[in-house]
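Residue-level listing of the chains:
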Amino acid sequence: MTIAELSNVPEHVAIIMDGNGRWANERGQPRSFGHRHGVEAVRTVVRAAAEIGVKYLTLFAFSSENWRRPETEIQDLFGLLKFFIRRDLAELHSANVCIKVIGDRHSLTSDILNLLLEAEETTRNNDGQTLVIAFNYGSRDELARAAQSLALEVQAGRLDPSQITPDAIAARLDTAGIPDPDLIIRTSGEERLSNFLLWQSAYSELMFVPEYWPDFGREQFFAAIERFGARSRRFGALAPTAAAGS
Ligand code: IPE
Ligand code: IPE
Ligand code: MG
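In this text the structure is predicted, and so the values were computed from the model without any measurement. (Residues numbered from 1 in each chain as written. Chains lettered and ligands numbered in written order. Predicted model: local features only at pLDDT ≥ 70, side-chain atom pairs only at ≥ 80, totals over all residues. Heavy atoms only, no water.)

As for the site of ligand 2
Working step 1: Around ligand 2, the structure places Ile-16, Met-17, Asp-18, Phe-60, Ala-61, Phe-62, Ser-63, Asn-66, Arg-69, Arg-186, Arg-192 and Ser-194.
Working step 2: Measuring from an oxygen atom of ligand 2, one finds a side-chain N or O atom of Asp-18 at 3.2 Å.
Working step 3: Here an oxygen atom of ligand 2 sits 2.9 Å away from a polar atom, N or O, in the side chain of Asn-66.
Working step 4: Starting from 390 Å² of accessible surface for ligand 2 in isolation, the protein chains cover 77%.
Working step 5: The site holding ligand 2 turns out to be the largest pocket.
Working step 6: The element that contributes the greatest number of residues to the shell around ligand 2 is strand β2 (residues 56–63), accounting for four residues.
Working step 7: Grouping the constituent residues of the shell around ligand 2 by class yields five nonpolar, three polar and four charged. (Near = heavy atom within 4 Å. Polar contact = N/O pair within 3.5 Å; in protein donor to acceptor, adjacent residues only side chain to side chain. Areas by Shrake-Rupley, 256 points an atom, 1.4 Å probe, with all protein chains shown as cover. 1 Å grid on protein atoms, 1.4 Å probe; cavity = no way out; pocket = protein on both sides within 12 Å on 5 of 7 lines; lining within 4 Å. Sits in = over half its atoms within 2 Å of the grid points. Helix = DSSP H or I, 4+ residues; strand = E, 2+ residues; numbered from the N terminus. Nonpolar A, V, L, I, M, F, W, Y, C, P; charged D, E, K, R; others polar.)

Digging into the UniProt feature "binding site: Mg(2+)" (unreviewed entry) in the protein chain
Working step 1: Mapped onto the present numbering, the UniProt feature "binding site: Mg(2+)" (unreviewed entry) falls on Asp-18 and Glu-205. Lining residues of the largest pocket drawn from the annotated set just named are Asp-18.
Working step 2: Within the secondary structure, Asp-18 sits in the loop between β1 (12–16) and α1 (20–26).
Working step 3: Non-local contacts of Asp-18, meaning those with residues more than four positions away in its chain, are made with Arg-186, Thr-187, Ser-188, Glu-190, Tyr-212 and Trp-213. (UniProt positions renumbered as here; feature names shortened; annotations may be inferred. Contact = heavy atoms within 4.5 Å.)

Things to note about the packing of helix α2 (residues 31–51) against helix α3 (residues 71–94)
Working step 1: Two numbers describe how α2 lies on α3: the axes approach to 10 Å, and their chain directions differ by 30 degrees. As far as their axial angle goes, α3 and α2 are roughly parallel. Here α2 and α3 pass one another in a crossing that is right-handed. Where α2 approaches α3, its residues Arg-31, Ser-32, His-35, Arg-36, Val-39, Glu-40, Val-42, Arg-43, Val-46 and Arg-47 are matched on the opposing element by Glu-73, Asp-76, Leu-77, Leu-80, Phe-83, Phe-84, Arg-87, Asp-88, Glu-91 and Leu-92.
Working step 2: When grouped by side-chain class, the residues that make up the contact of α2 with α3 number eight nonpolar, two polar and ten charged. (Axes fitted to C-alpha atoms, helices over the stretch in contact; angles between N-to-C directions. Parallel < 35°, antiparallel > 145°, perpendicular 65-115°, else oblique. Left-handed = near helix turned anticlockwise from the far one by under 90°.)

Structure (structure tokens):
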């Protein structure tokens, strides 16, 4: 398959980057080795997505439940995010990429928080691809924070409860202004969302692929896009052919 043959490229692809630990384990290496190689896969996939015109790419980098891991692994993951931003920010900026971060920022230390803010601030006026980094992100936490913000507005008399519509909720999520993902890919063979974009995935196409994240490259990414192109999305309506025949 060549790039020219890809039709129906999704506007927004979100990826649950899973399997770093198992990839390392199969090589007799510590989990941190898998996470390091995972960062290289991030680089490859960000470029591949830009190449075919995917406008939004969201990457699940650390979940609100990943705090349950050993402290040393958490430190490794935080260290790698810092490494990625420090190393790649200038290049992403010159490639006209706009970086956005979703997730709860309150429990992050100031060094990482400042780096995330710097990445967002530096690239805020870029209008090429948008790279959304889900860091310390969990959908239930995001929805609870949105509910709190709505409750405060009602309490302050600025909002009537009847104005709490799906659009009003979406506007208070971390993803406000970002279209819902058309395609969600999870690597490593696991078939679950693990608290990722639960609201936003209402009509996303889900794709579970067997490769561990460090093995997910350009070719695997384009294969997923090709499979997406063959899917029929209906959003509750009828498929165009069925509607035409009625
Ligand atoms: C994905 O790989 C990276 C993060 C969750 C941050 P894992 O670390 O979950 O790897 P497995 O699933 O244990 O193989
Ligand atoms: C989901 O993977 C989180 C990220 C990829 C950041 P996990 O490996 O944490 O998910 P579970 O625990 O297997 O559901
Ligand atoms: Mg995992």
